[in-house]
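Results of the structural survey
What follows is each chain in one-letter form.
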Amino acid sequence: MDTTSKASSTPERPKWDNKVQYLLTCVGFAVGLGNVWRFPYLCQIYGGGAFLIPYLIALVFEGLPLLYLELAIGQSLRKGSIGVWHSISPLLGGLGVASMILSFLVGLFYNTILAWVLWYFFHSFEDPLPWSQCPINDDNTGYVEECVISTPVNYYWYRQTLNISPDLEESGSLQWWLVLCLASAWSIVYICFIRGIETIGKAVYVTATFPYLVLTIFLVRALTLPGATDGLRYLFTPDWTLLTNPQVWLDAATQIFFSLSLAFGGLIAFSSYNPKKNDCERDAVFVGCINSATSLYASIPIFAILGFKATSNFNACIAGNILDLTNAFDIAEKNITTENYENWLMFLNSSDPDKVSGLNLKPCVLQNFLGQSASGTGLAFIVFTEAVIEMPGSQVWAVLFFVMLFSLGLSSMFGNLEGVLTPLLDLHMVPKWMPKEIFTGLICVLSFLVALIFTLGSGNYWLEIFNSYVGSVPLLVIAFFEIIGVVCFYGMNRFCDDIEFMTGRRPNLYWRVCWMGISPVMLLVVLVAYVAVQVQTHPMYPAWNPQYEKFPETEVKPYSDWVFAICVLLSSVPVLSIPLVAVYRLIRRQTRSQTGSSYQNPYSNPAFTPDEPIQTFKAL
């Protein structure tokens, strides 16, 4: 059968309605929660503006080349991750399986975060906000002790939202409110994804653009808050000495890599729906630069608001000390103010130092409050929610913030789910009698059922394990073998020919040098360094335990042996398919070497119309 008849007998591959849909989908997939709650944190703890140097180096020599490679290979071969790597070489078939497993596992905990966001969003309409004050105890005689000892914000997060257990090994029961929110989150994902890129393309007009609107609103409001300039000054003041710390470079490389959502298979799937004639180089540079620019843009309102929070806490600290001094020394009210507090303190210390020291005044240093860094859920559900309480019209800002987080997460979930569904559909693993909508629904239901583990009392601990071990080493391993697959198996000359056919020009020297040398070396160095750092100490986790003697500090506990074994499995199982499939194919090659069997070349799929007659390549 010739190529034309093949194409006519096979359903045509879906296509984007327009280029804007495709770019918004890629930007939405790349720009996620990490841009808002991890990049500013890294800037803060690693020397402010100085962190941008290793970050930009990692972007130029690691992030952009890998992004360009994935978009180009997906557009050229027009298949999902499994189909692409199997087409290049049957030995690489496990690479696509690894990406698919990884996308599935990451989708499990990522959508759980969206469930938490929904819970906070629903309660953001209450007046006053439920995390602004402690609840009354059961006896109606006072406030709940756990809340009084900690803070209302911490209590609402750990007890009223998570109902967290004091230890990872105490699972607790399913929290029905989180189960409902999780079901709602998966239902929203399914509705947006029900017809593949046809419905995704419509949804991204909102999910990919709305966060920028909210960030701009926050930016305008945040810059008018007292203390905003202190927060920005602290964030971007460079500390060049920190660049000598290898951990800074390691975190910069991993941040740009994870932020671009590389190695999940979603970008390969999205680009496979493009026409063959499309400038994927320009797309890669656009998506990569927008992603990094968003991280910088989000840092400004986030830390302007955190500067406002630090200033509020600093003023509250000073006010408490002023009250103590006023009462102890019988000073008339309003004589000691925030402005002259230091002068009064020096005077009283010189006149009666014993009495002052007996008051146990709190050390009030603005830099210390600014240095109280947080990332991830700690930034979103504790630090930021506490800052919102102090802002006029707090309900409005809470609603906007959590809608923005949900939009960021939802657009990233599209890529995770696409990384699972597209390979399965391309391999025709879905029964012909089953509509795609039903199959998508089954995947969502399966994901929901597995993710119920995160709604247990110990669910937050398990989510941190998944986040730390699934979203780290496996991604680096997959990306390394992706470059090896293109350079060594597909061939750099053939890959450049494909790009020339698609874009009208061959990749320049910069791209080729990165693919053939700099990027794989950087990936290998980051991978080895990351593993070396991890194996030096036994992993620990912070537990929220009201019985802990130093509560409200979290109790740092080591993972038990069986939990540590699960951590190792989560890091290794997703990538085990890479060597297993390769070994299986090598064994088959040996057993079938006399039969003269052959495998199709990369271009032998119905969506590709070659200009030259198709050749047949001998099996590897």
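Criteria and thresholds
Residues numbered from 1 in each chain as written. Predicted model: local features only at pLDDT ≥ 70, side-chain atom pairs only at ≥ 80, totals over all residues. Heavy atoms only, no water. Helix = DSSP H or I, 4+ residues; strand = E, 2+ residues; numbered from the N terminus. Rg over C-alpha atoms; globule rule 2.2 N^0.38 Å. Buried < 20%, exposed > 50% of the residue type's maximum accessible area, 1.4 Å probe, protein only. Contact = heavy atoms within 4.5 Å. Areas by Shrake-Rupley, 256 points an atom, 1.4 Å probe, with all protein chains shown as cover. Lys, Arg positive; Asp, Glu negative; His and termini not counted. Charge placed at Lys NZ, Arg CZ, Asp CG, Glu CD. Disulfide = S-S within 2.5 Å. Polar contact = N/O pair within 3.5 Å; in protein donor to acceptor, adjacent residues only side chain to side chain. Pairing = 2+ DSSP bridges. Expected span 1.5 Å × (residues − 1). Axes fitted to C-alpha atoms, helices over the stretch in contact; angles between N-to-C directions. Parallel < 35°, antiparallel > 145°, perpendicular 65-115°, else oblique. Left-handed = near helix turned anticlockwise from the far one by under 90°. Nonpolar A, V, L, I, M, F, W, Y, C, P; charged D, E, K, R; others polar. Patch = residues over 30% accessible without salt bridge, like charges linked within 9 Å, V, L, I, M, F, W, Y side chains within 5 Å. Salt bridge = Lys/Arg side-chain N within 4 Å of Asp/Glu carboxyl O. pLDDT = per-residue confidence, 0-100. Phe/Tyr/Trp six-rings, centres within 6.5 Å; stacked < 30°, edge-to-face > 60°. Lys NZ or Arg CZ within 6 Å of the ring centre and 35° of its normal.

This part is about the overall build of the protein. Within the protein, the regular secondary structure consists of 26 helices and four strands. Whereas a compact globule of 620 residues would reach a radius of gyration of roughly 25 Å, the protein reaches 27 Å, a difference of no more than 12%. Along the first, second and third principal axes, the C-alpha set of the protein runs to 100 × 50 × 45 Å. Here the protein, with 620 residues, has 56% of them falling under the buried criterion. At a minimum sequence separation of 6, the contacts of the protein that also span at least 24 residues come to 80%. Looking at the protein as shown, the accessible area adds up to about 26,500 Å², and 63% of this sits on carbon and sulfur atoms. Between the averaged position of the 32 positive side-chain charges in the protein and that of its 44 negative side-chain charges there is a distance of 17 Å.

Okay, the state of the cysteines next. With the rule as written, the count across this model stands at two disulfides. Residue pairing for Cys134: its cysteine sulfur links by disulfide to Cys147, the two sulfurs lying 2.0 Å apart. Measuring handedness by torsion sign, the sulfur bridge of Cys134 and Cys147 sits at about -85 degrees and is left-handed. Highlighted residues: Cys134 in the loop between helix H7 (93-123) and helix H8 (145-149) and Cys147 in helix H8, separated in sequence by 13 residues.

Moving on to the side chain of Asn35. Inspection of the secondary structure assignment puts Asn35 in helix H3 (residues 33-37). There is a polar contact of 2.9 Å between the side chain of Asn35 and the backbone nitrogen of Gly32. A polar side-chain atom of Asn35 sits 3.1 Å from a polar atom in the side chain of Asn291.

A few words on the pairing of strand S2 (residues 555-558). On any regular strand, side chains alternate: one points to one face of the sheet, the next to the other face. Burial along S2 is one-sided: the residues Glu555 and Lys557 are buried and none of Val556 and Pro558 is. Here strand S1 (residues 540-543) pairs with S2 via four bridges, running antiparallel. Residue pairing for S2: Met540 is matched across the bridge by Pro558.

On to helix H22 (residues 436-450), then. Counted at 1.5 Å a residue, the expected span for H22 with its 15 residues is 21 Å, and the 21 Å between its end C-alpha atoms agrees. Listed as buried for H22 are Phe439, Thr440, Gly441, Ile443, Cys444, Ser447 and Phe448. Contact partners of the buried residues in H22: H7, helix H10 (176-193) and helix H21 (394-426).

What follows is about the packing of H21 against H22. In the contact formed by H21 and H22, the axes pass within 11 Å of each other and the chain directions differ by 130 degrees. Judged by the inter-axis angle, H21 sits oblique to H22. Note that H21 runs across H22; the crossing there is right-handed. Judged by residue contacts, Leu417, Val420, Leu421, Leu424 and Leu425 of H21 engage Lys436, Phe439, Thr440, Ile443 and Cys444 from H22. Here the residues of the contact of H21 with H22 sort into eight nonpolar, one polar and one charged.

Next up on the list: a nonpolar patch on the surface. A contiguous nonpolar patch, built from Ile53, Ile57, Trp240 and Trp249 and spanning about 380 Å² of accessible area, is present on the exposed surface. As for its position among the elements, Trp249 is in helix H14 (residues 246-259).

Right, let's talk about the environment of Met492 for a bit. Inspection of the secondary structure puts Met492 in helix H24 (residues 473-503). Separated by 24 residues in the primary sequence, Met492 and Met516 place their C-alpha atoms 8.2 Å from one another. Once residues within four sequence positions are removed from consideration, Met492 is found in contact with Val486, Val487, Trp515 and Met516.

On average, residues of the protein carry a pLDDT of 86, and 93% of them reach 70 or more. Looking at the elements of the protein, mean pLDDT is at its lowest for strand S4 (residues 616-618), recorded as 38, and at its highest for H10, recorded as 95. Across residues 1-10, where pLDDT falls below 50, the model places nine contacts with residues more than four positions away in sequence or in other chains.

Let us look at the environment of Asp283. Residue placement: Asp283 occurs in helix H16 (residues 280-329). The exposure class of Asp283 is buried, given its relative accessible area of 2%.

Okay, unusual backbone geometry next. Cis geometry marks the peptide bond from Asp127 to Pro128, where omega comes out at 0 degrees. By the secondary structure assignment, Pro128 is in the loop between H7 and H8. The backbone of Ser261 shows a phi angle near 60 degrees, a positive value even though the residue is not glycine. The class for Ser261 is buried, based on a relative accessible area of 7%. The backbone of Asn360 shows a phi angle near 50 degrees, a positive value even though the residue is not glycine. On the basis of relative accessibility, which here comes to 63%, the residue Asn360 falls in the exposed class.

In this section: H16. Under the 1.5 Å per step criterion, the end-to-end length of H16 is 73 Å for 50 residues, consistent within 8% with the ideal 74 Å. Here H16 starts with a cap whose side-chain oxygen sits 3.3 Å from the backbone nitrogen of Glu281, and that cap is Asp279. Positioned one or two residues after H16, Asp330 has a phi angle of 55 degrees, which is positive.

Under the criterion given, the structure shown has 44 aromatic pairs. On the basis of an interplanar angle of 35 degrees and a centroid distance of 6.3 Å, the ring pair of Trp119 and Trp177 is categorised as tilted. Of this pair, Trp119 sits in helix H7 while Trp177 sits in helix H10, and the two are 58 residues apart along the sequence. Each member of the pair, Trp119 together with Trp177, is buried. For the pair Phe454 and Phe466, a centre-to-centre distance of 5.2 Å together with 90 degrees between the ring planes defines the contact as edge-to-face. With Phe454 in the loop between H22 and helix H23 (459-469) and Phe466 in helix H23, the pair connects residues that are 12 residues apart, well separated along the chain. Per residue, the accessibility class of Phe454 equals that of Phe466, and both read buried. One Lys or Arg, Lys355, reaches over the ring of Phe329 and ends 4.8 Å from the middle of that ring. Taking NZ or CZ as reference, Arg494 lies 5.2 Å from the ring centre of Tyr490, over its face.

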